[in-house]
Amino acid sequence: MRAKEAPCLSTAALRGDVLKCPLIIGGRETLGDTFGGLSLFYPGYSYPVANAGALDIAQAIGSARNAKRTSLKTRVACLQKAAAAFSYRDEDCEHAVRMTGMPVSIIKEHFDSIPGILGSLSQSLGSRFTHFGGSESLGAEMLDAGFYKLLTPQGGFCYAITPGNDVRVVAMVAANLCYAGMPFIIKASKEDAAAPLVIRALLDGGFPPGSCNLLYFDSAAQDAAKKHFRIMDASRTVWTFGSDETVDVALRYESAGSRTYLDITDLMTEGGGDIEFVRQGFAENSFRLRDRLVTKDEVVDHFIGKNVLRHGCGNCAIIASGQFDEQVSEILYRSLGYAIGCNAAKSAMIVDSPHWIEQAADYLASLPVGDPLDPKTRVGYVNPATLDYLLGVVDGKRGIEVFGGERLSSIQARPLVARSREIVPELFGQEIPAYVLAAMDCATTGEAVVAINGCSGKNPRLSVSMLNVGDEHSRHSISELKAHAVFINAPTTVVAPYFHEGNDYVLRLSRERLVNGNRLMEWDYL
Amino acid sequence: MEPLCMKVESEFIALEGAILAGEIDDYRQIDPAAFSWRGWDHISEERVFAMTLPFLRQQMRRGKSAMPGIYGDHYQRIEPDAIRSREDWHAVPVLMKDDDEETGARGFRKVANARPAVMKPLDASSATVPFGSGGSMGKYTPTFISLEDRAREIQGFSRPFRYWGMCRGDKALYTYNTTHKGGQWIQEVLLTLGADAVLKRTEEGPAEILQNMRDYDVSVLITVQQPIEAMRNQAKANGVNLHSLIETSLEYPEKYAGILIPDADGNRQVKLIFLGGFEIVPYAFELNEKYLGNVPIATILGSSEAIPQAFSSNPALAPQGKCHYNNLHLLQGPHYIEVVKKNGDKWIPVAKGEEGLLVYTSWARDGTIWIRYAPGDVATWLLDEGECPCGIRSPVITNVRRKDAGERSALLVNGCAAG
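Just so we're clear, the structure is a prediction, and the values are computed from it rather than from any experiment. (Residues numbered from 1 in each chain as written. Chains lettered and ligands numbered in written order. Predicted model: local features only at pLDDT ≥ 70, side-chain atom pairs only at ≥ 80, totals over all residues. Heavy atoms only, no water.)

Chemist: What am I meant to see in the packing of aromatic side chains here?
Modeler: The description of two aromatic rings rests on the distance between their centres and on the angle between their planes. Residue and element names in this part refer to chain B. Under the defined criterion, the tally for this structure stands at 27 aromatic pairs over all chains. Ring centres 5.1 Å apart and planes at 55° place the aromatic pair Trp164 and Phe274 in the tilted group. In this pair, Trp164 sits in the loop between helix H7 (147–163) and strand E4 (171–174) while Phe274 sits in strand E7 (residues 272–276), placing the two residues 110 residues apart along the sequence. We note that Trp164, like Phe274, is buried. Ring pairs connect the aromatic residues Phe12, Phe35, Trp40, Phe55 and Trp363, which therefore count as one cluster. Over the ring of Tyr252 we find Lys255, and its NZ or CZ is 5.0 Å from the ring centre. (Phe/Tyr/Trp six-rings, centres within 6.5 Å; stacked < 30°, edge-to-face > 60°. Helix = DSSP H or I, 4+ residues; strand = E, 2+ residues; numbered from the N terminus. Buried < 20%, exposed > 50% of the residue type's maximum accessible area, 1.4 Å probe, protein only. Lys NZ or Arg CZ within 6 Å of the ring centre and 35° of its normal.)

What follows is the structure in structure tokens.
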């Protein structure tokens, strides 16, 4: 079902109606204790977000752990029904605009794509994976002859911590987990009011109440870490979004104080393990007691023993060649214009196309800039700190030619294209959500691939789009690109039903944790 | 469980007669079992006072001679044998732990802190155990209790349990710390009633307790629940309380549903919850309503100095009563409980609707003698005697709280709610 075209200011907003982000646990919705969500872009816009307490979390864990497991056939049918049941209102759209700063036209498209994500995933995954057994089949992927990768752990639930910069994410995550038959608890971002809509649709579609649980809690509160790790420790699978560095600090490791000890390793070696030798030395104070005191921070790694799915950071890129035509401009907009999305393009390597960058800059400069709630707007708002940083990077830097980027307010600037003769790490190697495209001319596709790979950092890029790159070059380059997904003449922001092939969002056990030998252990299906 | 019985026992009438006739003039002549009789709760305040007056005088005489460090100066102008009426009794000064500027009362905390043994009467021939109040600020002041004192209090303590409908064959689990007086007394009361008592071992957590409840068919849960703000105290948050039992039940419904939280069919093993501590806090009501389906909850007011003092009834057995939750019937015997206010140089009972100091006198006590001792609690006089529709005659108080709000906060976070 589609919402009507969003007006500039909704009647609901004028009335002061507020959107709510409730908990959905075991099929029941509650709001209960709340904390305030605020918009960075619309001062005064606030709304209540349910703040899950310890007992809500316990209830969600109990629901997920005891959720009824249904057959694959049932799950597929439920996903179809959920796709048909999904609906949203103008207020939902407007809320997402207020929270993301993205134009309402894009947000609306995202909402409209959710039924497709829910409904078509089964077919995509079904064609990829083999299923064994009768009515209650197990999904598995063949690695080598006789060697299978089991897709779904046979127990437990998934704990997914989802971001607030894309209303489609919860649909993607939930659809994958529902297809795999894995109950879940999603801890949604306080910005994300679309999450309840997706969960409601799944429950309306017939998924067992305990299998789809949604929590919010105040991540800035003192007890947030305790709540998070409680769910984490109870889960079997964890699904995170963000770079490894960010996730490890924010979600994975927990400080467990510190311990101090005396390092006498060298003395034990020197003295042949003779404690008396060491004791004597300390008594005579010849071994510098104080210098040997070592204090080490202790951390608990909550990922140990879990299946961890990481949706890394984006830092998506484009390799373009040939003409900058209307099709390319539309693809560019859909890549760059999803500014805060994980898979928005941030850099472009232009191969043997001398005017491409200027033409792209002209095109981007022509895009209407304004209030994202205005349906005509195509360039929305950006976090002021981000703008300050990026504009500061390019400002006066030698070797960078800047197109556009006029600052219109603290939260808005015209799209900026920064043409550089060499790699500038701050522009080419970081995922910073804004309407900023770092561009570089390259002589060959190979050079472009090397440049893209060189500044991708520790993690592959989420996606790279190849625009008008000749078939011969693209076939060769695809295999060398350090990216999870490569799109040919399509935006970086394409959301395949199971998102990115390389990341493999369908659940899997790591190779090391899997079967011994070359058959599926423990099950009688083979 | 048994329905309530309100009849005054014939033995109680006989005891009253013997006391008034002067045949019993020493509290030690009263069999501890007498404190389990309902009569204490069903006669008028006038009759209660008349029965206890000989022993109030007895303890005043003892206090002067056997606890001179506490009562010597305090009773310089008081002659116990001259106390013949309630008006005379009102002139007996209130004993406070700390100096009180408002009333001019002098406290005894410094004396007791310097030498806790002063709290044991010099004439106490029995062996005693000093019990400290876990809620005291700083060093606790001990109350010395003999074996007979213990027996009397436990018999008195058993009355609320009977009013709640508990009887032989019932099975109760309590999570109290058994090194605390309350924890020990609960065990003995249950055994006295003929009910099975399941304890919490030190190392047991909520999961083990719930399993014990299932294994032993427990229908009465005796535990605590701190206010939500006290849950921030890590030590208390890690202890066992109603919240943690519910939390574990919710997390493992396949194992524990139907014990404390209802199962899918709405059945629940626990039929009554006794929540100890300072008061039944709002968070406990919230938990009960949201997760337990409104199990009957009740409480007993008591402290290491004097158990019992007051109690609330079982709402399921006395639905018409106004004595539910934090509205408490006074429990006279083995202590004399009052709510008083200063009036000139006297301390007189408050009127209905008024708030006053909660004071008690341990008139049947070998060990530490408390005479009109005000530990710092206040209460509001809600109903006069005979006004509660439940049928229990004794007056009803409510809104029991610490007089010092700061001390209340600290107590709530650090205090005795023995989780």
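Chemist: Can you help me understand the interface of chain A and chain B in this one?
Modeler: Frequently, the measure chosen for interface size is the accessible area removed from exposure when the parts meet. If you look at the interface, chain A gives 12 residues, while chain B gives 13 residues. Each partner contributes to the roughly 1100 Å² buried at the junction of chain A and chain B, and carbon and sulfur atoms together form 51% of this total. Counting the surface chain A buries against chain B, the share from its top three residues, Leu55(A), Arg65(A) and Arg230(A), is 45%. Remark: the boundary between chain A and chain B carries 4 salt bridges. Ionic pairing is found between Asp56(A) and Lys290(B), a salt bridge with its closest N-O pair at 3.7 Å. Broken down by element, the side of chain A that touches chain B gets its largest block of residues, 8 residues, from helix H2 (residues 54–65) of chain A. (Contact = heavy atoms within 4.5 Å. Buried area = accessible area lost by both parts, 1.4 Å probe. Salt bridge = Lys/Arg side-chain N within 4 Å of Asp/Glu carboxyl O.)

Chemist: How do you make sense of the pattern of salt bridges when you look at a structure like this?
Modeler: Two side chains bearing opposite charge may form a pair once their charged atoms approach each other closely. Residue and element names in this part refer to chain B. One pass over the structure, following the stated rule, counts 43 salt bridges over all chains. Close ionic contact of Arg159 with Asp41 constitutes a salt bridge, the shortest N to O distance being 2.7 Å. Pair noted here: Arg159 is in helix H7 and Asp41 is in helix H2 (residues 39–42), with a separation of 118 residues, a long-range link. In this structure, Arg402 and Asp377 form a salt bridge, with 2.6 Å as the shortest nitrogen-oxygen distance.

Chemist: What am I meant to see in the confidence of the model for chain B here?
Modeler: Close inspection of predicted coordinates is inappropriate for parts of the model with low pLDDT. Residue and element names in this part refer to chain B. Counting all residues, the mean pLDDT for chain B is 90, and 92% of those residues have values of 70 or more. In this model, residues 415–419 is a region of pLDDT below 50 whose contacts with residues beyond four sequence positions or in other chains number 21 contacts. Predicted complex, confidence summary: ipTM 0.84, pTM 0.85. (pLDDT = per-residue confidence, 0-100.)

Chemist: Would you mind going over the sheet that holds E4(B) with me for this structure?
Modeler: Within a sheet, each strand pairs with its neighbour through backbone hydrogen bonds, oriented either parallel or antiparallel. Residue and element names in this part refer to chain B. The sheet built from 5 strands is open, its strands ordered E5-E4-E6-E7-E8 with parallel pairing. Every interior strand has two partners, whereas the edge strands, strand E5 (196–198) and strand E8 (297–298), have only one. Relative to strand E6 (residues 220–224), E4 is paired through 3 bridges, and the arrangement is parallel. Across the sheet, the residue bridging to Ala172 is Val220, located in E6. Along the sheet face, helix H8 (residues 181–193) touches E4, E5, E6 and E7 and points at about 175° away from the line of E4. (Pairing = 2+ DSSP bridges. Axes fitted to C-alpha atoms, helices over the stretch in contact; angles between N-to-C directions.)

Chemist: What should I look at first to understand the packing of H2(A) against helix H13 (residues 282–292) of chain B in this one?
Modeler: The relative placement of two packed helices comes down to the angle between their axes together with the axis-to-axis distance. With their axes 13 Å apart at the nearest point, H2(A) and H13(B) run at an angle of 25° to one another. What the angle tells us is that H2(A) and H13(B) run roughly parallel. Crossing handedness for the pair H2(A) and H13(B): right-handed. In contact with Leu55(A), Asp56(A) and Gln59(A) of H2(A), H13(B) contributes Tyr283(B), Leu287(B), Lys290(B) and Tyr291(B). (Parallel < 35°, antiparallel > 145°, perpendicular 65-115°, else oblique. Left-handed = near helix turned anticlockwise from the far one by under 90°.)

Chemist: Before we go on, may I ask you to explain the nonpolar core in this structure?
Modeler: Soluble globular proteins tend to pack their nonpolar side chains together in the buried interior. Residue and element names in this part refer to chain A. The biggest cluster of nonpolar side chains holds 126 residues, and the ones touching the most others in it are Phe111, Phe184, Leu202, Ile319 and Leu427. At 10 residues, the largest contribution of residues to this core is made by helix H6 (residues 169–180). Leaving out residues up to four positions away in the same chain, Leu202 has contacts with Leu79, Ala82, Leu118, Ala174, Cys178, Phe184, Phe207 and Cys212. (Core = buried A, V, L, I, M, F, W, Y, C linked by side-chain atoms within 4.5 Å.)

Chemist: Could you clarify how one ought to interpret the environment of Ile154(B) in this entry?
Modeler: Residues and elements named next belong to chain B. Along the chain, the position of Ile154 falls in helix H7. Take Ile154: its relative accessible area is 3%, and that puts it in the buried class. Every residue in contact with Ile154, bar those within four places of it in the chain, is listed here: Trp185, Glu188, Val189 and Thr192.

Chemist: I would appreciate a short explanation of the sheet that holds strand E22 (residues 461–467) of chain A in the present structure.
Modeler: All names here are of chain A. Overall, mixed pairing links the 7 strands, which are arranged E17-E20-E21-E16-E15-E22-E23 in an open sheet. Edge positions in the sheet fall to strand E17 (400–404) and strand E23 (483–488), since each has one partner strand and no second. Across the sheet, the mean angle from the axis of one strand to that of its neighbour is 20°, orientation sign disregarded. Strand direction decides the pairing type here: strand E20 (residues 416–420) and strand E21 (residues 436–442), joined by 4 bridges, are parallel. Pairing of Arg419 across the sheet is with Ala439, part of E21. Sheet contacts for helix H12 (residues 326–336): strand E15 (316–321), strand E16 (345–351), E21 and E22; angle to E21, the most-contacted strand, approximately 130°. Each of E15, E16, E21 and E22 is contacted by helix H16 (residues 445–454), which is oriented at about 170° to E15, the strand it contacts most.

Chemist: I'm lost on the confidence of the model for chain A in this one. Help?
Modeler: Per-residue pLDDT for chain A averages 82, and the proportion of residues at 70 or more is 84%. This model gives residues 1–17 of chain A a pLDDT under 50, and the stretch forms 29 contacts once residues within four places in sequence are excluded.

Chemist: Hey, could you run me through the side chain of Arg86(B) in this one?
Modeler: Residue and element names in this part refer to chain B. Its location among the elements puts Arg86 in helix H5 (residues 86–90). Reaching out from Arg86, the side chain makes a polar contact with the side chain of Glu46 at a distance of 3.3 Å. With near-sequence residues (within four places) excluded, Arg86 lies in contact with Glu45, Glu46, Phe49 and Tyr336. (Polar contact = N/O pair within 3.5 Å; in protein donor to acceptor, adjacent residues only side chain to side chain.)

Chemist: Would you take a moment to explain helix H9 (residues 244–252) of chain A for this structure?
Modeler: Side chains that are three or four residues apart share a direction in an α-helix, a result of its 3.6 residues per turn. Residue and element names in this part refer to chain A. Of all the residues in H9, the buried ones are Asp244, Val247, Asp248, Leu251 and Arg252. One face of H9 carries all of its buried residues, which in axial projection span an arc of 110°. Where the residues of H9 are buried, they touch strand E8 (158–161), helix H8 (224–234), strand E11 (237–241), strand E12 (253–262), strand E13 (293–301) and strand E14 (307–311). (Arc of directions from axis to C-beta.)

Chemist: What should I look at first to understand unusual backbone geometry in this one?
Modeler: Peptide bonds are trans in most cases, and residues, glycine excluded, mostly fall at negative phi. Residue and element names in this part refer to chain B. In the segment running from Ile307 into Pro308, the intervening peptide bond is cis, with an omega of -10°. Geometrically, the link from Gly333 to Pro334 is a cis peptide bond, its omega value of 5° lying close to zero. Looking at where Pro334 falls in the secondary structure, it is placed in the loop between strand E11 (328–330) and strand E12 (336–343). With a phi close to 45°, Arg372 is a non-glycine residue in the positive phi region. With respect to the secondary-structure elements, Arg372 resides in the loop between strand E14 (355–361) and strand E15 (373–374). For Arg372, a relative accessible area of 0% translates into the label buried. Within the chain, Asn399 stands out as a residue other than glycine whose phi angle is a positive 55°. Owing to a relative accessible area of 40%, Asn399 belongs among the partly exposed residues under this scheme.

Chemist: Can you help me understand the side chain of Thr299(B) in this one?
Modeler: Residue and element names in this part refer to chain B. Topologically, Thr299 is positioned in the loop between E8 and strand E9 (300–301). Of the residues examined, Thr299 reaches a relative accessible area of 4% and is grouped as buried. Here Leu275 takes part through its backbone oxygen, which lies 2.7 Å from a polar atom of the side chain of Thr299. Setting aside residues up to four positions removed in sequence, Thr299 forms contacts with Trp164, Phe274, Leu275, Gly276, Ile280, Phe311, Ser312, Tyr325 and Leu328.

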